[in-house]
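Structural overview
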Amino acid sequence: MTEEQPGTAPEPAAADRSGQGVVAAFGQSLKTLRVRAKMEREELGKRLGYSASTIASFEQGRRIPPPRAIDRSDEVLDAGGLLTVWKEQLERAQYPAFFQGMAQLEKRAIELLAYDTLVCNGLLQTEEYMRALFSNRRPLFDAETFEQRVTARLARRDIFERRPEPLLSFVMCESVLRRRFGGSEVLRGQLEHLLLIGQRRNVELQVMPLDCEDNSGVDGPFTVITREDGKRFVYSEAQGASALETDAKQAVLGAARYGIIRSQALTPRESLAFIEKLLGEL
């Protein structure tokens, strides 16, 4: 989806095919360069720290290599940048078509405001929690897609290490913190992770209690994101589809609605105490 012109994005199926084409083209390039270097998959895998079967997955377009593997492949195969030039396109292709626009915005965000009602926000999830969620998806992901989605979601957490630090605010419904996806130990790890994230100086975590009589988030989860040039966007998704609203008026209204929701939730200090209490009950 183009960020300035909503409604002009390709259909999801077309975007997915485009992403698959990129991955396949990279894989063919990798294989061609490996063969040119007269190197077996086992040898390339040994130099990159992967098995021969994983190298085969890269070459056959069934798995997207991480950026470091692309850099190392270019170096080992003396490709002169022919592989690293694919990095940006491959990074985009690792996300489902409906999320690719949002993934790019996250990389340029100076402020992100997220309200969640169903599951813990993707930026806040532990790997175990991610895997539990993906295991519950229907239809099931194939093994390569499963691992690709986990890797992509983990990569998004770079937002917490960026300099200058973006301002990050998360309000989540109490029910999010009580759902035991993957079991009690997975939830325990997730709550502990939230407590750590909540200590960061650029992060505010807030909980919307179930017994709260006022909640202006009745229309469901959404995210307001402000880009480095000051332009705001409102993102929402459901059932494998998404909407990225670029209209300035709607962005202002979304931010205002989030502000009201935040004022109705527990304070960050109260919220961390609430999460500690839930952790103690497990």
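Structure first, text after, so check above.
Now for a description of the structure that goes with this document. What you see is a predicted model; the values in this text were computed from it and never measured. (Residues numbered from 1 in each chain as written. Predicted model: local features only at pLDDT ≥ 70, side-chain atom pairs only at ≥ 80, totals over all residues. Heavy atoms only, no water.)

**Let's talk about the layout of surface pockets**
- Considered as a void within the structure, the largest pocket measures approximately 1,300 Å³ in volume.
- For the largest pocket, the lining is made up of 44 residues, of which Phe98, Arg137, Arg153, Glu237 and Gly240 are closest to its centre.
- Listed by contribution, the elements that provide at least two residues to the lining of the largest pocket are helix H1 (12–36), helix H6 (100–107), strand S1 (109–116), helix H7 (127–135), helix H8 (143–155), strand S4 (222–227) and strand S5 (232–238).
- Classifying every residue of the lining of the largest pocket by side-chain character gives 26 nonpolar, nine polar and nine charged. (1 Å grid on protein atoms, 1.4 Å probe; cavity = no way out; pocket = protein on both sides within 12 Å on 5 of 7 lines; lining within 4 Å. Points joined across faces, edges and corners; volume = space filled by probe spheres on them. Helix = DSSP H or I, 4+ residues; strand = E, 2+ residues; numbered from the N terminus. Nonpolar A, V, L, I, M, F, W, Y, C, P; charged D, E, K, R; others polar.)

**Quick word on the packing of helix H2 (residues 41–48) against helix H4 (residues 67–76)**
- The geometry of H2 relative to H4 is characterised by a closest axis approach of 10 Å and an angle of 120 degrees between their N-to-C directions. As far as their axial angle goes, H4 and H2 are oblique. Between H2 and H4 lies a crossing of right-handed hand. The segment H2 lies against H4, with Leu44, Arg47 and Leu48 engaging Ala69, Arg72, Ser73 and Val76. (Axes fitted to C-alpha atoms, helices over the stretch in contact; angles between N-to-C directions. Parallel < 35°, antiparallel > 145°, perpendicular 65-115°, else oblique. Left-handed = near helix turned anticlockwise from the far one by under 90°. Contact = heavy atoms within 4.5 Å.)

**As for the nonpolar core**
- The biggest cluster of nonpolar side chains holds 41 residues, and the ones touching the most others in it are Leu112, Leu124, Phe160, Phe170 and Leu194.
- Elements with a contribution of two residues or more to this core: H6, S1, H7, strand S2 (167–173), helix H9 (184–197), strand S3 (203–208), S5 and helix H11 (268–281).
- No other element matches H9, which puts six residues into this core.
- The contacts of leucine 124, once residues within four sequence positions are left out, are Phe160, Phe170, Met172, Gln190, His193, Leu194, Ile197 and Leu205.
- Formed by 19 residues, the second largest nonpolar core is a distinct cluster that contains Val22, Phe26, Trp86 and Leu90. (Core = buried A, V, L, I, M, F, W, Y, C linked by side-chain atoms within 4.5 Å. Buried < 20%, exposed > 50% of the residue type's maximum accessible area, 1.4 Å probe, protein only.)

**Describing unusual backbone geometry**
- Cis peptide bonds are those with omega within 30 degrees of zero, and the linkage from arginine 138 to proline 139 qualifies with 0 degrees.
- Of the consecutive residues arginine 163 and proline 164, the connecting peptide bond is found in the cis state with omega at -5 degrees.
- Residue position: proline 164 is located in the loop between H8 and S2.
- The backbone of aspartate 78 shows a phi angle near 50 degrees, a positive value even though the residue is not glycine.

**So, H7**
- Within H7, burial applies to Tyr129, Met130, Ala132, Leu133 and Phe134.
- Where H7 is buried, its residues contact H8 and H9.

**Some words on the pattern of salt bridges**
- Within this structure, the stated rule accounts for 21 salt bridges.
- Arginine 47 is the salt-bridge partner of glutamate 43, the closest N and O atoms lying 3.0 Å from each other. Pair noted here: glutamate 43 and arginine 47 are both in helix H2, with a separation of four residues, about one helical turn.
- By relative accessible area, which is 29% here, glutamate 43 ends up partly exposed. (Salt bridge = Lys/Arg side-chain N within 4 Å of Asp/Glu carboxyl O.)

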